[in-house]
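Fold and contact review
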Amino acid sequence: MRAKTKLALLTTLTLLTGLACNTVTNMMALRDQADQPAPQTTATPSRETGRTPSLEDQPLPPNPNPGPVGLGDVYFEELGNGGYDVQHYHIVLEVDLPANYVYGRTDIDLVATQTLTSLNLELFELQIDQVLVNGQAARHSRLGIELTVYLPQTAHAGDALQISIAYRGVPGESREALPQHSQGWIHYGHGIAVAGEPTGASTWYPVNEHPADMATYSFSITVDTRYTVAANGLLQETERTNGRTTYHWALNQPIAPYLVTLAVGEFDIVESRGPGGLLIRDYFGRGVPAEVRADFDDTAEVLAYFETLFGPYPFDAYGVVVHDTSLNFALETATLSVFGRTFTDEFAVVHEIAHHWFGNSVGLEQWQDIWLNEGFATYSSDLWNEYAYGREFMEQGISELYQSLAGIAPFLETTTGDPGPQALFDFATVYARGGLALHALRLEIGDEAFFNTLQVYTANFAGRTARTADFIEIAEEVSGRDLGDFFDAWLFQLELPDIPQMGLYAEDYQ
Ligand code: TRP
Ligand code: ZN
C-alpha cells in the first residue's frame, strides 16, 4: 500500500468542470489530384474552393433514396448518418507541420443497410478534390458539416461500397463553428494533436461522426523525416524516401470516431511491457520534463489491476502521447491516450486507462448514456485508490465527493442518466454522481455481484455499443435483484440518494 495523504479529487473536480496498412500510397498522387500546386511551407495556404468545375457545375442527379441525415441520437439529431455501417477507415495524409496543411485521402469501407442513392458523411470545411465510389467518379454536395455523396449506382441493403475522398486544407481552421466546441485537429506550432469529443474527427477526415458506428482504422501518414507520427494501434512499418517518412499504423478493434488520434512532432518513444507482455509505448514530446513523464510510471500496474477487475485488456497496445504544450484535458483515444504537459495528475492517468474498457471497447449507442463512460472511468480511479492507498483513503474520497455533491445537488438541472447536451461532460452531474452511483451499487448488491456485473458487461459488449438499460439488466440478472428503483433514484432523479451503508445522508449536507 502506498502513502498518500492529500486528496487529488477536488483539484480534479475544479479542473474537469472547465471542460465542457493497406497499399503503399504514392503521396505525390495525392497532390496530383489537386488542380493547384502544393503550397510553400512559408506561405499561407489558399483555401479556395477546389471543386472540379466540369462535374460540379452540372445539376445534381435525381436522388429518390437519400440516406438519413443523422443516426437517431436524441441529443444531436444531425450527428452521424444512417443507411450504412462503416467497417473500416484508411486515412492517408501528407502533413506539412510548419504550414499546418494536409493533403488527404480517406478510403471508407462500408455496408449499406438500406436502398441508397446517396449517403451522408461529416467533413468540416476541408476542400474536396475527388470523390470515388468503388473506383468510379461520384458527385457530392455540402451543407455545413454534412457531405452528401451521390452513388453512381443505387446500393441495396448488404452491398459493400468503398468511398474514397481526396481532400486538402488546414484542418479545423474555424473550429468555433464546430458543434459542441469540440476541437479535433490541434496545431500548436511545433506539433499536432488530435482530440475531439463528442465531435472533432470531421476536422481532419470524412467520417460517420457518431460513436454508434464503430469501425477499425489504418493510417499512412507522411511527414518530413525530422518528425515522428503516432496513431492508434500498432506501427506496421515506416518507409523513408527523399527526406520524408511514411508511418503505417493500424488498429484492429472497432472504435468510435472521437477515439481516433494522430500525433505529429518530435517525440521520445519509451517502450515497456504490461500484463501478459502487452506492448506499452509512450510518446513524450521532446520538451516534456522528467517529472511529467514520471506521472505515467504506474501504467503497467494499473492495467494489471484493472484486468483482474474488468477482464482482459481489450486492445493490442496501450500508451500515452504527452504533447509538449499545455492542454487542459486528457482524452482516452484508443491505445494512445492524449495528454498535454499540464494535465497529468494520477486521477487523469488512471481514468484514461479505465476508459479502454468503459467507452472504448464497450461503446456508446447514444450520447445521453455518457455516464457509462465517465461515471465508470471516475469510479475506476476510486478502485485504484482502494488498491494503492487502502479502503479508508478511498472511502474518504467518496465521502468528500458525496458531501460536495449534496451541497450543489439543488442547483443541478439535469440528471446523470439524462444530462442533456450542455452537461454531457459536467463533472458533478456525470462524472462524480455516475461514479458514486457505482459505489452505491456495490454496497447495495455486494462485491461479488458488483464485480461480476462489470465483467459480464465488458465481456458481452466488447467491440459494440451498450445503453444504460443493458447495464441495468446485467446488474439485475447477476444480483438476482430488482434494481429499478435504485437506478431510477441515482440516474434519473435530481435528488441525491442517501448511501446509508456509509452513513451518508444528503439532507445532512444541504
Ligand atoms: N472524455 C474525456 C475524459 O474524461 C473528457 C473530454 C470530453 C474531452 N470532451 C473532450 C477531452 C474533448 C478532450 C477533448 O477523459
Ligand atoms: Zn473520462
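First, a word on what this report is: a plain description of the structure on this page. Nothing here was measured: the structure is a model prediction, and the numbers come from that model. (Residues numbered from 1 in each chain as written. Chains lettered and ligands numbered in written order. Predicted model: local features only at pLDDT ≥ 70, side-chain atom pairs only at ≥ 80, totals over all residues. Heavy atoms only, no water.)

As a further point, take the coordination of the zinc ion (ligand 2). Reference values for coordination geometry: four tetrahedral donors around a metal ideally subtend 109.5 degrees, six octahedral donors ideally subtend 90 or 180 degrees. The coordination sphere of the zinc ion (ligand 2) contains the protein donors His 351 (NE2), His 355 (NE2) and Glu 374 (OE), at a distance range of 1.8 to 2.0 Å. Between consecutive donors of the zinc ion (ligand 2), the numbers of intervening residues give the motif H-x3-H-x18-E. Taken as a pair, His 351 in helix 6 (residues 346-354) and Glu 374 in helix 7 (residues 371-389) lie far apart in primary sequence, 23 residues in all. (Donors = N, O, S within 2.8 Å, 3.2 Å for Na, K, Ca; no water. Helix = DSSP H or I, 4+ residues; strand = E, 2+ residues; numbered from the N terminus.)

What follows covers the site of ligand 1. Near ligand 1 lie twelve residues; those nearest to it are Glu 197, Glu 332, Glu 352, Glu 374 and Tyr 431. Glu 197 places a polar side-chain atom, nitrogen or oxygen, 2.7 Å from a nitrogen atom of ligand 1. Residue Glu 374 places a side-chain N or O atom 2.9 Å away from a nitrogen atom belonging to ligand 1. For ligand 1, the accessible surface in isolation is 370 Å², of which the surrounding protein chains cover 95%. Residues belonging to the shell around ligand 1 are distributed by class as follows: six nonpolar, two polar and four charged. (Near = heavy atom within 4 Å. Polar contact = N/O pair within 3.5 Å; in protein donor to acceptor, adjacent residues only side chain to side chain. Areas by Shrake-Rupley, 256 points an atom, 1.4 Å probe, with all protein chains shown as cover. Nonpolar A, V, L, I, M, F, W, Y, C, P; charged D, E, K, R; others polar.)

This part covers the packing of helix 8 (residues 391-408) against helix 9 (residues 427-460). As a packed pair, helix 8 and helix 9 sit with axes 10 Å apart at the nearest point and diverge in direction by 130°. By the angle between their directions, the pair helix 8 and helix 9 is classed as oblique. Of the two possible hands of crossing, helix 8 and helix 9 adopt the one that is left-handed. For the pair formed by helix 8 and helix 9, the contact residues are Arg 391, Met 394, Ile 398, Leu 401, Tyr 402, Leu 405 and Ile 408 on the first element and Phe 427, Ala 428, Ala 432, Arg 433, Leu 436, His 439, Arg 442 and Leu 443 on the second. (Axes fitted to C-alpha atoms, helices over the stretch in contact; angles between N-to-C directions. Parallel < 35°, antiparallel > 145°, perpendicular 65-115°, else oblique. Left-handed = near helix turned anticlockwise from the far one by under 90°. Contact = heavy atoms within 4.5 Å.)

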